[in-house]
Amino acid sequence: MATYGIDLGTTYSCIAYVNDTNRAVVVKNAVGEDSTPSVVFFETDDNVVIGREAKNSARIYPNLVVSLIKRRMGEDDVELEFHGAVHTPVTISALILRELCQSAEQNTHEDVRDVVITVPAYFGVRAREATRAAGEIAGLNVLNVIPEPVAAALHYEAISTDADRTILVYDLGGGTFDTTAIRIEGQDISVVCTDGDHKLGGADWDERIADLLLKQFVEEHPGTEAAVSEDFLQELATAAEDMKRALSSLETRRYNARFADEVSRIELTRTVFENATADLLERTFTITGRTIDEARQRGVTSFDDVLLVGGSTRMPAVAEGLRSRFGFTPKLHDPDLAVAKGAALFALIESVKIALPAGAEAGPGGAGPSPEDMETAAAQLGVDTDSLRGLIGKKVTAVVPRAFGVKILTTAGDAEADDDGFLIDHLLHANAVLPAAPPTQTYGTVEDGQTGISVEIWEQAGARESRRVLDNEKIGNGTITDLPPLPKGSPVAISFAMDEMGTLRVHAVETTTGKDLDIELAIGGLSPEDMGQARTAVGKYTVGA
Ligand code: AMP
């Protein structure tokens, strides 16, 4: 059975697998397209429509159609109601995944079960775990969740014959942006550092065009009700995306905006469009500059290649800006499909590890798999033994996307502490190589006679690491209980460890009594009960395109 890679995008999603000629290929959806709009239309209380039709229905049923849900992955308390049923970003994403897999099954006549799903490199742990949960709720076996730029680099590496090199991935999709420095050395692909903004993407460019269209319409037809018409605004939103795409190859695009009996013939030039969106592009370059600086501090002083990933990098201003600003000659290589194809390759690498008996995949110096093991695994995965051999030693090393720490009370006058004296002390810093186990830190209890110690785990929320509580987000907590009354300042040793999959384990121990606490934060991971409920919520629908 093949394994599949899924690019679960903010605006479009795509699924791929590695075929029997060892090429990663995209599976077309039910309507014959490579990618499917990540849009869900709750048509009735037991039927959902996903993709192009759902997108088109947004105009007529704005309250029953959900788009850009990925931007809300990992956020607490997001509940959306359709026909009386409550949904979350996780259940909505699960429906998108179900449709992608169902379509793929119809096309390949094979069950889709083992998958790798991609996430923006800059996704926090919660959002990553929410993505994994969505896959499981959709009935999939999620082998792993990997950063989109790593997937793109894997695809690029697979098709490129060059030797070792460093690459910068500039990934501007529909809703998220990140830049990632990646080093490729022999069989190893490692992330050097990554940065991004998960609320910046093509949809923001669309919005600017929609604003321009509306402004001109209202100027030409003062007193019109157009600005409060949901229908009209939705129509402008759709037209805006079409115009934006057209302006990637044309210099000028016209649009006839109609509302009631009034018409505006609107002409938009690429220059006007680029001026109206220059600040958005500038935000991507600020982040790119930061990534280059960070990479330099980590020993990467130049890039052999700059890869453009994500549909929005088709806008000519992206490559022009990277050229004039940074002197790069970026490569636009399969920008819409590279992530899904790379994920398919990674899914295969992951399943090789599973298919070969433990220890058999040992690298240089190890025993390596027996010929029989190789043949069984190759047959199971639908590839030949030569390509299997090529995949065995491949290693992908990721980094911690953001800093993690604990909330502590400071003793006196720390400028970064809040009014109550609290700040976040980070133990694990952004861009630490995974698996990571930073040194244990020891803190003291704050009051005499304390019988419990509460440990709060926080993740960096802003673009930069900051000790201010406001710049971080609480992601988990636990309490060491049943302690004898302790004197103030009793030592509490806290250790953090994050594995390759991004799961964070925190161990806290009060060292005089040895009483301790283990917290495993598959953060944002739902409880088995929540998972059960979500499966029922998702399972009741028939899903179609
Ligand atoms: P992705 O999430 O990578 O599929 O990127 C989707 C985004 O790319 C959407 O915002 C699309 O509007 C945008 N996009 C796709 N093709 C083009 C194009 N030719 N010019 C500009 N933007 C595009």
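Just so it is clear, the structure is predicted and the values come from calculations on it, not from any experiment. (Residues numbered from 1 in each chain as written. Predicted model: local features only at pLDDT ≥ 70, side-chain atom pairs only at ≥ 80, totals over all residues. Heavy atoms only, no water.)

**Some thoughts on the overall build of the protein**
When you go through the protein residue by residue, the secondary structure sums to 13 helices and 28 strands. A globule of 545 residues ought to have a C-alpha radius of gyration of about 24 Å, and the protein, at 25 Å, matches this closely. Burial statistics for the protein: of 545 residues in total, 53% are counted as buried. Considering only residue pairs separated by 6 or more positions, the protein has 67% of its internal contacts joining residues 24 or more positions apart. For the protein, the exposed surface amounts to about 23500 Å²; the carbon and sulfur share of it is 47%. For the protein, the distance from the average position of its 49 positive side-chain charges to the average position of its 85 negative side-chain charges is 4 Å. (Helix = DSSP H or I, 4+ residues; strand = E, 2+ residues; numbered from the N terminus. Rg over C-alpha atoms; globule rule 2.2 N^0.38 Å. Buried < 20%, exposed > 50% of the residue type's maximum accessible area, 1.4 Å probe, protein only. Contact = heavy atoms within 4.5 Å. Areas by Shrake-Rupley, 256 points an atom, 1.4 Å probe, with all protein chains shown as cover. Lys, Arg positive; Asp, Glu negative; His and termini not counted. Charge placed at Lys NZ, Arg CZ, Asp CG, Glu CD.)

**Considerations on the site of the ligand**
Taken together, 14 residues are adjacent to the ligand, and Glu-241, Lys-244, Ser-248, Gly-311 and Ser-312 come closest. One of the side-chain N or O atoms of Ser-248 is found 2.6 Å from a nitrogen atom in the ligand. In the environment of the ligand, an oxygen atom lies 3.0 Å from a nitrogen or oxygen atom belonging to the backbone of Gly-311. The element best represented in the shell around the ligand is helix 6 (residues 230–246), accounting for three residues. By residue class, the composition of the shell around the ligand is two nonpolar, eight polar and four charged. (Near = heavy atom within 4 Å. Polar contact = N/O pair within 3.5 Å; in protein donor to acceptor, adjacent residues only side chain to side chain. Nonpolar A, V, L, I, M, F, W, Y, C, P; charged D, E, K, R; others polar.)

**What to know about the domain arrangement of the protein**
Taken domain by domain, the protein holds domain 1 (4–156 + 335–395 + 531–538) and domain 2 (404–522). Here the C-alpha centre of domain 2 lies 34 Å away from the C-alpha centre of domain 1. Each side of the interface is counted separately: domain 1 has nine residues, and domain 2 has 14 residues. Where domain 1 abuts domain 2, roughly 800 Å² becomes buried across the two surfaces, and 43% of that area is made up of carbon and sulfur atoms. (Domains from an automatic or database assignment. Buried area = accessible area lost by both parts, 1.4 Å probe.)

**Topic: the side chain of Gln-460**
Residue position: Gln-460 is located in strand 23 (residues 453–460). Once you skip the residues sitting within four places of it in the chain, Gln-460 turns out to touch Tyr-122, Arg-402, Ala-403, Ala-430, Glu-465, Asp-471 and Asn-472.

**Regarding the pairing of strand 15 (residues 252–259)**
Of the pairings in the sheet, the one linking strand 15 to strand 16 (residues 262–269) comprises eight bridges and is antiparallel in character. Within strand 16, the position partnered with Arg-258 by the bridge is Val-263. Taking the residues that link successive antiparallel strands as the turn, the strand 15-strand 16 hairpin has two residues, and the phi of Ala-260 there is positive, at about 50°. (Pairing = 2+ DSSP bridges.)

**A few points about the pattern of salt bridges**
Under the counting rule described, the total for this entry stands at 31 salt bridges. Across the pair Glu-33 and Arg-52 runs a salt bridge, and its minimum N-O distance is 3.6 Å. Of this pair, Glu-33 sits in the loop between strand 3 (24–26) and strand 4 (36–37) while Arg-52 is found in helix 1 (residues 52–57), placing the two residues 19 residues apart along the sequence. A relative accessible area of 31% means that Arg-52 is categorised as partly exposed. (Salt bridge = Lys/Arg side-chain N within 4 Å of Asp/Glu carboxyl O.)

**Side note on the environment of Leu-95**
Along the chain, Leu-95 turns up in helix 2 (residues 89–108). Given a relative accessible area of 0%, Leu-95 falls into the buried group. Separated by 224 residues in sequence, Leu-95 and Ala-319 place their C-alpha atoms 35 Å apart. Setting aside residues no more than four positions away along its own chain, Leu-95 makes contact with Val-40, Phe-42, Val-48, Ile-50, His-87, Val-538, Tyr-541 and Val-543.

**Thoughts on empty space enclosed by the protein**
Applying the stated rule across the entire model yields five cavities of 30 Å³ or more. Here the largest cavity defines a volume of roughly 70 Å³. Looking at the largest cavity, the residues that line it are Leu-8, Gly-9, Ser-38, Ile-69, Lys-70, Met-73, Ser-93, Ile-96, Thr-118, Phe-123 and Thr-131. A breakdown of the residues in the lining of the largest cavity according to their chemical character gives five nonpolar, five polar and one charged. (1 Å grid on protein atoms, 1.4 Å probe; cavity = no way out; pocket = protein on both sides within 12 Å on 5 of 7 lines; lining within 4 Å. Points joined across faces, edges and corners; volume = space filled by probe spheres on them.)

**Some details on the sheet that holds strand 7 (residues 65–66)**
Pairing is mixed across the open sheet formed by four strands, whose spatial order is 7-5-6-28. Two strands lie at the open edges of the sheet, namely strand 7 and strand 28 (542–544), each paired on one side alone. Pairing of strand 6 (residues 47–50) with strand 28, which is carried by three bridges, proceeds in the parallel orientation. Within the sheet, the bridge partner assigned to Asn-47 lies in strand 28 and is Thr-542.

**A look at the environment of Val-26**
Counting through the fold element by element, Val-26 comes out in strand 3. Overall, the relative accessible area of 17% leaves Val-26 in the buried class. Along the backbone, Val-26 and Cys-14 are 12 residues apart, and their C-alpha atoms lie at a distance of 7.2 Å. If we skip the residues at most four places from it in the chain, Val-26 touches Cys-14, Ile-15, Ala-16, Asp-34, Leu-337 and Lys-341.

**Focus: the packing of aromatic side chains**
The tally for this structure, following the rule as stated, stands at 11 aromatic pairs. On the basis of an interplanar angle of 50° and a centroid distance of 4.9 Å, the ring pair of Phe-217 and Phe-232 is categorised as tilted. Of this pair, Phe-217 sits in helix 5 (residues 202–220) while Phe-232 sits in helix 6, placing them 15 residues apart in sequence. A ring pair is formed by Phe-326 and Phe-328, whose centres lie 5.7 Å apart and whose planes are at 20°; its orientation type is stacked. Since its relative accessible area comes to 24%, Phe-326 is described here as partly exposed. Each member of the aromatic cluster is reached from another via a ring pair, and the members are Tyr-170, Phe-177, Phe-285, Phe-303, Phe-326 and Phe-328. (Phe/Tyr/Trp six-rings, centres within 6.5 Å; stacked < 30°, edge-to-face > 60°.)

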